[in-house]
Amino acid sequence: MKRVAILGATGSIGRQAIEIVTEHPELELCALQSGSTPLEALAAEHAVEHAQIGGDPVRLLERGAPDIVLNAVVGFAGVRATLWALEHGVTLALANKESLVAAGELAVAAHERGGGLLLPVDSEHSALHQCLEGRDRASVAGLVLTASGGPFRGRTRDELADVTAAQALAHPTWRMGPKITVDSATLANKGLELIEAHFLFGLPYERIEVVLQPTSVVHALVRFRDGASLAHLGYPDMRVPIAFALTYPERAATQVAPLDFSQGLVLEFEPPDLETFPLLALARTAGERGGTYPCAFNAANEVAVAAFLEGRLPFLGIAATVEEALAEVAGAPARDLADLTEADREARRLAERAAV
Ligand SMILES: NC(=O)c1ccc[n+]([C@@H]2O[C@H](COP(=O)([O-])OP(=O)(O)OC[C@H]3O[C@@H](n4cnc5c(N)ncnc54)[C@H](OP(=O)(O)O)[C@@H]3O)[C@@H](O)[C@H]2O)c1
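All of the points below concern the structure found in this document.

Rules and cut-offs
- Residues numbered from 1 in each chain as written.
- Predicted model: local features only at pLDDT ≥ 70, side-chain atom pairs only at ≥ 80, totals over all residues.
- Heavy atoms only, no water.
- Axes fitted to C-alpha atoms, helices over the stretch in contact; angles between N-to-C directions.
- Helix = DSSP H or I, 4+ residues; strand = E, 2+ residues; numbered from the N terminus.
- Parallel < 35°, antiparallel > 145°, perpendicular 65-115°, else oblique.
- Left-handed = near helix turned anticlockwise from the far one by under 90°.
- Contact = heavy atoms within 4.5 Å.
- Nonpolar A, V, L, I, M, F, W, Y, C, P; charged D, E, K, R; others polar.
- Core = buried A, V, L, I, M, F, W, Y, C linked by side-chain atoms within 4.5 Å.
- Buried < 20%, exposed > 50% of the residue type's maximum accessible area, 1.4 Å probe, protein only.
- Expected span 1.5 Å × (residues − 1).
- Arc of directions from axis to C-beta.
- Near = heavy atom within 4 Å.
- Polar contact = N/O pair within 3.5 Å; in protein donor to acceptor, adjacent residues only side chain to side chain.
- Salt bridge = Lys/Arg side-chain N within 4 Å of Asp/Glu carboxyl O.

Comments concerning the packing of helix α7 (residues 123-132) against helix α11 (residues 188-201)
Packing of α7 against α11 leaves a shortest axis separation of 10 Å and a crossing angle of 30°. The angle between α7 and α11 falls in the class roughly parallel. For α7 against α11, the interelement crossing comes out right-handed. Contact residues: Glu124, His125, Leu128, His129 and Leu132 in α7; Lys190, Glu193, Glu196, Ala197, Leu200 and Phe201 in α11. In the contact of α7 with α11, the residues fall into five nonpolar, two polar and four charged.

Structure (structure tokens):
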């Protein structure tokens, strides 16, 4: 019996994860957390003793004593839970990419000390983990992250000037929470994933590429030094990587349909348009600078996305706000959580100012 804590339990990933836990008698829910949504009914339905709305997740996790923490919180708010699980050697099923972006260096160090499992739930990183498993790292030439390109793929900057939040939220292939859906439309999501991949797999940025694959069937590829590439294919459905992480290493069955070749399968690839979608290149630069820069990138992006969703900022203003805030932040080493909390606060302040 494995005890599972689900943070962000009321969100898109959290709800799918609860379904998967209930389908597997060897998994048991021990703790739930939301941001502000009441949890009484959910906790009662699943007989979960420990449930908490917002606040510091550490006490909840200590009381719940999980074997697996599924971190499906959105944004920087997920940092404490990620660091706690890694430090304590508790298996971390990580959907909350923002925590690894913001606190990557601390997370890698905590993971080394704790010695537990870190299993990515992001579909691309779950795919990379599977393609890399058991391979000699010296044979790996590079990683390729795929992106659908979002709802605005192929558009020019002029055509993006007046797009609305409703249009940005209409993702062509994935059904997700609002923040990541907007991040997919701007390509900031792929920028966050680039930094996430760097910290998860320890490769330098110049060996991590991004390519558009509009049907989201190829989730990622690993290039090897002999010229071969291994790819991970499947329909876009988050139940696969969530179940993979929660039932690791058994790879339990899911309800997801296998690929149906009789219907045809379109596997086209194209390079991303970095001029129309500048957040991908901004993320790469922030990642390469290191220290608190990735944390600042994430914080400024969170502020800009919230302003866009509230109708205070046009779509193109998201990247402009992040760029302006990043130009002003004073990067510093990320020595501890206090450094990151300060970098996050400062970048939010600069982004709020830039977003008016
Ligand atoms: N959805 C996907 O398919 C997908 C795919 C790959 C990666 N991810 C990543 O998974 C994470 C969750 O995404 P999502 O799409 O599931 O988001 P979502 O639907 O917006 O859900 C977010 C969850 O986080 C909770 N939350 C918000 N602020 C919190 C706080 N301060 N403390 C604790 N909990 C808080 C929310 O609670 P309330 O309901 O109370 O607001 C909700 O349960 C993100 O990092 C995202 O990038 C998602």
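Details of the nonpolar core
Among the nonpolar cores identified, the biggest contains 91 residues, and Leu143, Phe297, Phe315 and Ile318 are the most heavily contacted of them. In terms of residue count, the dominant contributor to this core is helix α14 (residues 293-309) (11 residues). Those residues within four positions of Phe297 in sequence are excluded, and the remaining contacts are Leu192, Leu279, Leu282, Ala283, Ala286, Val322 and Leu326. By size, the runner-up hydrophobic cluster in this structure holds 29 residues, among which are Val4, Ile18, Ile68 and Leu119.

Side note on helix α16 (residues 337-354)
With 18 residues, α16 should reach 26 Å at 1.5 Å per residue; the first-to-last C-alpha distance of 25 Å fits that figure. Residues Asp339, Leu340, Ala343, Asp344, Ala347, Leu350, Ala351 and Ala354 constitute the buried set of α16. End-on, the buried residues of α16 take up no more than an arc of 135°, which puts them together on one face. Tucked inside the fold, the buried residues of α16 contact α5 (97-102), α6 (104-114), α14 and α15 (315-328).

Quick notes on the site of the ligand
Taken together, 25 residues lie around the ligand, and Thr10, Ser36, Thr37, Glu98 and Gly177 are the ones closest in. One of the backbone N or O atoms of Val73 is found 3.4 Å from an oxygen atom in the ligand. Contact distances for the ligand include 3.4 Å between an oxygen atom and a backbone N or O atom of Val74. Contributing elements (two or more residues each) for the shell around the ligand: α1 (12-23), β2 (27-34), α5 and α10 (178-186). For the shell around the ligand, the per-class residue count stands at 11 nonpolar, 11 polar and three charged.

Here's the deal with the pattern of salt bridges
Across all of its chains, the model carries 19 salt bridges by this definition. A salt bridge links Lys97 to Asp122; the shortest N-O distance between them is 3.0 Å. Taken as a pair, Lys97 in helix α5 and Asp122 in the loop between β6 (118-120) and α7 lie far apart in primary sequence, 25 residues in all. Note on accessibility: Lys97 and Asp122 belong to one class, buried.

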